[in-house]
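What follows is the residue order along each chain.
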Amino acid sequence: MTTRREFLKSSALMTAASMAGVAGAPQFAFGQSAGGKTLIKVFMRGGADGLHLFPPVGDPIYYQHRPNIAIEAPLDSDANTALNIGDSYRAMNPNLEPLMEIWNAGRMMVAPSTALEEGNRSHFDNQRWIGNGARSNLIDGYLNRYMQSVDGVNDPLRGAVLGKTNMSAEAAGNIVVPAIQDRDGFNLRNNNFCAGNGCADNQLTELMREISSHPVVEDTMEASVRENQVIMVESIAQVQEAGENYVTNANGLEYSNSRLGRGLRLAAQLLKAGVPLEVAAIDWNIGWDTHSNQIPGGTNRFADQTFGYHRRMREGATDFLTFYRDISTIIDDVVVLVGTEFGRTVIENGSRGTDHGYSSTWFAFGGPTGPGVGPDITTLDVNSLYRNRFTPIRTEYKDLVAEIMVRHMNMPEQLVSTIFPDHTFTNHNLFNRSS
């Protein structure tokens, strides 16, 4: 027979494996009750080109700087032109066309000149600093600091990283946050503890719950292991229950099997099951680091779906629309914020690509997101660019996150300086839609 000490040792190893990426001492998260508000942060890792996602078609200098990769102004008869979003300066990349349903519903906002003001042009640094909420080596990410700062009910899935198994800097910290690839991405099972057909009676998880209920000395390794055990077991149970026989309700659309698609599908399952998921981090990776060949050759330069960059961009936009439709009954309670670590150079390089830049386009939908375009540049004249090469910043990303937390999640405004240390909040009033 396995002794209790041996079982705890093996459980600790399983716990450590399943909770990989968690930083800090584990503790339960105290969050909102079911039916509260949710922020989902989606990271376009790689430095997405904001001028390509939402091109400034109203600026003739844009076409001078990008003679090969600039997207032409909207023309209904030409699928290779940009999409009209009703703004005289900005339009939308044709491969983002599924987002037009959300835009036309007045539920989407674009902040086209957004960045971490104190950032640089290193992927590693900027992704870490944006996740930390400051140019520092803080352990806690801003989503984790939010959870530490706001009281509520006890639930192991108040925060989560969805669609992948490694931790995101935004979610790491003193509160344990599980990283979950999909409903079937983890299943704690040992045949020695199975009974029934196909391990229908999984006695292992029940035994883990029972062992974890025994009193131990606080602030010891055994106490930490037990707390992780409970969070792991309860998270597995909630995720698997939420995904049981799940049917996507999106008028025929289905989620892709990309990180973004898996993450959004998991979020929809949990939210529709009443799990009090309050903050989540998801990645959207399609190869945003476009140093070369940002468009294909030939005449079908922007609509060619055999070109991977285009196809994956449309796939991601379709995942967003699928999610938007799938949670339509609770869309007022959920904000999805999409951003990147930096943009690209205004002037294209010699290989039909763009290099690391400064500000880029962020966008959001759902909840109180107001329709339209946020603070923007008015010209790409080289004398107006940052260091004569990069689009200047008009919106600090921290202000987008802070406004969502204050306006949507009812966080007291005085906590902004806790979530983002030493930051002075500027409210751009971009999340101003009344319910």
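Whatever comes next refers back to the structure up there.
Conventions adopted
Numbering of residues starts from 1 in every chain and runs along the sequence as written. Residue-level local features of this predicted model are given only where pLDDT is at least 70; pairs of side-chain atoms are given and counted only at 80 or more, and the full residue set underlies all totals for whole chains, interfaces and linings. Note that water and hydrogens are dropped before the side-chain values are worked out from all heavy atoms of the structure. The set of buried Ala, Val, Leu, Ile, Met, Phe, Trp, Tyr and Cys residues whose side-chain atoms join them within 4.5 Å is what this entry labels a nonpolar core. Only protein chains enter the accessibility calculation, which uses a 1.4 Å probe; a residue is then buried when its area is under 20% of its type maximum, exposed when over 50%, and partly exposed in between. The contact rule is simple, with two residues in contact once any of their heavy atoms fall within 4.5 Å. Salt bridge criterion: a side-chain nitrogen from Lys or Arg within 4 Å of a carboxyl oxygen from Asp or Glu. We count a stretch as a helix when DSSP gives it H or I for four or more residues in a row; a strand needs E for two or more, and each element gets its number in order from the N terminus. Aromatic pairs are defined between Phe, Tyr and Trp rings, using the six-membered ring for Trp, whenever the two ring centres lie within 6.5 Å; interplanar angles under 30 degrees are classed as stacked, those over 60 as edge-to-face, and all others as tilted. Counting as a charge over the ring demands two things of the Lys NZ or Arg CZ atom: a distance within 6 Å of the ring centre and an angle within 35 degrees of the ring normal. Under this scheme, a helix contributes an axis fitted over its contacting stretch, all axes are lines through C-alpha atoms, and angles between N-to-C directions fall in the 0 to 180 degree range. In this scheme, roughly parallel covers angles under 35 degrees and roughly antiparallel covers those over 145, while 65 to 115 is roughly perpendicular and the rest are oblique. Crossings are assigned a handedness: left-handed for a near helix turned anticlockwise from the far helix by less than a right angle, right-handed for a clockwise turn. The nonpolar class holds Ala, Val, Leu, Ile, Met, Phe, Trp, Tyr, Cys and Pro. Asp, Glu, Lys and Arg form the charged class, and all remaining residues, Gly among them, are polar.

> Can you lay out the nonpolar core for me, pointing to particular residues and giving the numbers?
As a rule of thumb, soluble globular proteins bury nonpolar side chains together. Among the nonpolar cores identified, the biggest contains 53 residues, and M108, L162, W284, F320 and F323 are the most heavily contacted of them. Residues in contact with F320, not counting those within four places in the same chain, are V42, L99, I102, L260, L264, W284, V336, V338, F363 and F365. Membership of the second largest hydrophobic core comes to 40 residues, among which are M109, L143, V335 and L430.

> Please provide a residue-by-residue account of the pattern of salt bridges, values included.
In the structure shown here, the tally under the stated rule is 16 salt bridges. For the salt bridge of E170 with R45, the shortest nitrogen-to-oxygen distance reads 3.8 Å. With E170 in the loop between β5 (159-162) and β6 (179-180) and R45 in the loop between β2 (38-44) and α2 (50-53), this pair connects stretches of sequence that are 125 residues apart. The exposure class assigned to E170 is buried, which follows from its relative accessible area of 1%. Among the charged side chains, a network of salt bridges with common partners joins K41, R45, K164, E170, R259 and D283.

> Pulling in residues and values, what's your account of the packing of aromatic side chains?
Here the structure, examined in full by the defined rule, presents 14 aromatic pairs. Relative to W288, the ring of W284 lies with its centre 5.0 Å away and its plane at 85°, an arrangement referred to as edge-to-face. Judged by its relative accessible area of 2%, W284 is buried. Connected via pairs of aromatic rings, a cluster forms that spans F54, W284, W288, Y309, F320, Y324, F363 and F365. We note K41 situated over the ring of F43; from NZ or CZ to the ring centre the distance is 3.9 Å.

> Could you give an account of unusual backbone geometry, with specific residues and numbers?
Residues apart from glycine generally show negative phi values, whereas peptide bonds are mostly found in trans. Its identity as a non-glycine residue notwithstanding, N245 has a phi of 55°, on the positive side. Tracing the sequence through the fold places N245 in the loop between α8 (221-243) and α9 (259-272). Here N251, not a glycine, exhibits a phi torsion of approximately 50°, which is positive.

> With reference to specific residues and values, describe the packing of helix α6 (residues 142-149) against helix α11 (residues 397-408).
Put simply, α6 and α11 touch, their axes get as near as 12 Å, and they point 30° apart. Comparing their axes, α11 and α6 come out roughly parallel. Crossing hand, α6 versus α11: right-handed. Note on element contacts: α11 touches α6 through Y397, V401 and M405, opposite Y142, L143 and Y146. Of the residues assigned to the contact of α6 with α11, the class counts are 6 nonpolar, no polar and no charged.

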